[in-house]
Amino acid sequence: MEAAVEQAQLRSGEQDDIRDVIAADTDQLTKRLRAHRLELFPPTASKTIRRFSAAEAAKLIGVNDGYLRQISQEGRAGDPEVSNTGRRFYSLDDMNAIRAYLDTNMRSKRRYVPHRIGSEHLQVISVMNFKGGSGKTTTSTHLAQYLAFRGYRVLAVDLDPQASLSAMFGQQPEFDVGPNETIYGAIRYDEERRALSDIIRPTYVSGLDLVPGNLELMEFEHETPKALTGRGAEDLMFFARLSSAFESVADRYDIIVIDCPPQLGFLTLSAICAATSVLLTVHPQMLDVMSMNQFLIMMRELLDVVARAGGNTKHDWLRYLVTRYEPGDGPQTQMVGFMRSMFGQRVLTHPMVKSTAIADAGITKQTLYEVDRQQFTRSTYDRAIEALDMVNSEIEVLVQRAWGRV
Ligand SMILES: Nc1ncnc2c1ncn2[C@@H]1O[C@H](COP(=O)(O)OP(=O)(O)OP(=O)(O)O)[C@@H](O)[C@H]1O
Ligand SMILES: [Mg+2]
């Protein structure tokens, strides 16, 4: 301790090489984090999604409670856990088994397994904004999980070198993600490029796979300018590389959700070009909205360049999602009104409200679907889940509309 204090003190006339200071500090920090992480972040193996109550399962599958009870009691599909008091709790695998059963055995026009068919195109939703902390990662993680609960085949892609999405999925970027194990591996310019299918990893959620991130993603920001000048004719332009990687695995998924970094670099631009839809998260405060305006102006200019070079700028939808909203806060409510008056229906009807349940779950890198409900006041937890479900189902409708289903 004394030594550290001594080292930190300024010595007159002497300068430290900042590299040594950083090396010493990161060495310490890495060690501490490694020791700490087992306590703080549950490793993947122990991360789980809770089981769903009968009412929740019926809603997620899209049948009524009575019918679900009948299927369960007759043991026709799924194997719910039954509590002492006779309440049934369904795992995601149970729900998927019931969906498959309904599609095979019921002569109904409706399909319960919602995988895309025919000409329905892969949906790629890019969650983005300039502003740090606008709720991109929270939104993408909960959206990806929700869509998997609804029975879709989902791929979550971490495009942020800070890799918060990966951490939410139990993958610590410094320890669990090695070289060439991020999406960079599939979009890099040199001969070390590899197939995206080799990079994708399963998660503890059935139907939800992950492409984790770490600092390696920064390479794409550094390498792209070089590639732009020295590019061979056969090389794909930077903005086409991500979509090309997605095409290679398209038949395995219905929806890809991309968590973007809080900057407008080549990674984010690639995400816009690979996207079929863009979700801009915005906290309704003046500084955040001003920053978003800068983001949009810059994005427009860059997309003009990309479009001239043949990049994709056509999308199914672009929506603004109001995040961390406090309905009791006058200025925030005014700001939401201001946004709605300008952007109309492009602002999602349902905002994501600020909730201590989300913030607290985030501290231990868990989603609201992973934490124990008993940890919170019931009303706090239920209000947050309700808000999340409203937001996520509104996005699901947009996806279905893009497929022409609704
Ligand atoms: N609805 C909410 N209620 C309470 N806290 C929230 C909510 N949404 C996000 N947060 C908290 O706000 C912080 C920032 O959220 P998040 O990491 O999702 O933002 P981000 O846009 O991904 O940030 P970055 O730009 O750094 O990637 C996190 O600590 C998260 O737990
Ligand atoms: Mg983030």
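Bear in mind that the values here come from a model prediction, so they are computed numbers and not experimental data.

### Quick notes on the overall build of the chain
Next up, step 1: A tally of regular secondary structure across the chain gives 16 helices and 10 strands.
Next up, step 2: Relative to a compact globule of 406 residues, whose C-alpha radius of gyration would be 22 Å, the chain shows 23 Å and is just as compact.
Next up, step 3: Relative to its 406 residues, the chain shows a buried fraction of 40%.
Next up, step 4: Restricting the contact set of the chain to residue pairs at least 6 apart, pairs at least 24 apart contribute 77%.

### Describing the site of ligand 1
Next up, step 1: Close to ligand 1 lie 18 residues; Lys136, Thr137, Thr138, Pro262 and Gly362 are nearest.
Next up, step 2: Elements with a contribution of two residues or more to the shell around ligand 1: helix 6 (136–149) and helix 15 (356–363).
Next up, step 3: Residue classes in the shell around ligand 1 are distributed as four nonpolar, 10 polar and four charged.

### Observations concerning helix 5 (residues 92–105)
Next up, step 1: Its 14 residues give helix 5 an end-to-end C-alpha distance of 20 Å, which sits within 8% of 20 Å, the value for a rise of 1.5 Å per residue.
Next up, step 2: Of all the positions in helix 5, only Leu92, Asp94, Met95, Asn96, Ile98, Arg99 and Leu102 are classed as buried.
Next up, step 3: Check the buried side of helix 5 and you find it contacts helix 3 (54–61), helix 4 (65–73), strand 3 (88–90) and helix 6.

### Considering the domain arrangement of the chain
Next up, step 1: Partitioning the chain into structural domains gives domain 1 (52–105) and domain 2 (115–402).
Next up, step 2: Taking only C-alpha atoms into account, the centre of domain 1 sits 31 Å from that of domain 2.
Next up, step 3: With five residues of domain 1 in contact, the opposing surface of domain 2 contributes six residues.
Next up, step 4: The biggest single contributor to the side of domain 1 that touches domain 2 is helix 5, with four residues.
Next up, step 5: Of the residues assigned to the side of domain 1 that touches domain 2, the class counts are two nonpolar, one polar and two charged.

### A short note on the nonpolar core
Next up, step 1: Core analysis: the largest hydrophobic core is formed by 91 residues, its most contacted members being Val154, Val257, Ile258 and Ala271.
Next up, step 2: By residue number, the principal contributor to this core is helix 12 (residues 266–274), which donates seven residues.
Next up, step 3: When near neighbours in sequence (up to four residues on either side) are disregarded, Ile258 contacts Val124, Ile125, Ser126, Val127, Val157, Leu159 and Ala271.

### A short note on the sheet that holds strand 1 (residues 52–53)
Next up, step 1: The strand order 1-3-2 describes an open sheet built from three strands, whose pairing is antiparallel. Both edges of this open sheet fall to strand 1 and strand 2 (81–82), since each of them pairs with a single strand only.
Next up, step 2: As paired elements, strand 1 and strand 3 share two bridges and run antiparallel to each other. Following the sheet pairing, Ser53 is matched in strand 3 by Phe89.

### So, the sheet that holds strand 4 (residues 123–128)
Next up, step 1: What the seven strands build is an open sheet, ordered 6-7-5-8-4-9-10; its pairing is mixed. The open sheet is flanked by strand 6 (201–202) and strand 10 (317–322), the only strands paired with a single partner.
Next up, step 2: The pairing of strand 6 with strand 7 (residues 208–211) spans two bridges and is antiparallel. From the neighbouring strand, Pro202 faces strand 7, where its bridge partner is Asp209.
Next up, step 3: Lying on the sheet, helix 6 is in contact with strand 4, strand 5 (154–158), strand 7, strand 8 (255–259), strand 9 (277–282) and strand 10; it crosses strand 8 at an angle near 165°.
Next up, step 4: In this fold helix 12 packs onto strand 4, strand 8 and strand 9, with an angle of close to 145° to the strand it touches most, strand 4.

### Structural notes on the pairing of strand 8
Next up, step 1: Among the five residues of strand 8, five are classified as buried, and the element is accordingly described as predominantly covered.
Next up, step 2: Of the two faces of strand 8, the one holding Ile255, Val257 and Asp259 and the one holding Ile256 and Ile258 are both buried throughout.
Next up, step 3: Sheet topology places strand 4 next to strand 8; five bridges connect them, and they run parallel. For Gln123, the partnering residue across the bridge sits in strand 8 and is Ile255.
Next up, step 4: Of the strand pairs in this sheet, strand 5 and strand 8 are connected by five bridges, and their pairing is parallel.

Basis of the calculations
- Residues numbered from 1 in each chain as written.
- Chains lettered and ligands numbered in written order.
- Predicted model: local features only at pLDDT ≥ 70, side-chain atom pairs only at ≥ 80, totals over all residues.
- Helix = DSSP H or I, 4+ residues; strand = E, 2+ residues; numbered from the N terminus.
- Rg over C-alpha atoms; globule rule 2.2 N^0.38 Å.
- Buried ≥ 20, exposed ≤ 12 C-beta atoms within 10 Å, placed from the backbone.
- Contact = placed C-beta atoms within 7 Å.
- Near = placed C-beta within 6 Å.
- Nonpolar A, V, L, I, M, F, W, Y, C, P; charged D, E, K, R; others polar.
- Expected span 1.5 Å × (residues − 1).
- Domains from an automatic or database assignment.
- Core = buried A, V, L, I, M, F, W, Y, C linked by C-beta atoms within 7 Å.
- Pairing = 2+ DSSP bridges.
- Axes fitted to C-alpha atoms, helices over the stretch in contact; angles between N-to-C directions.

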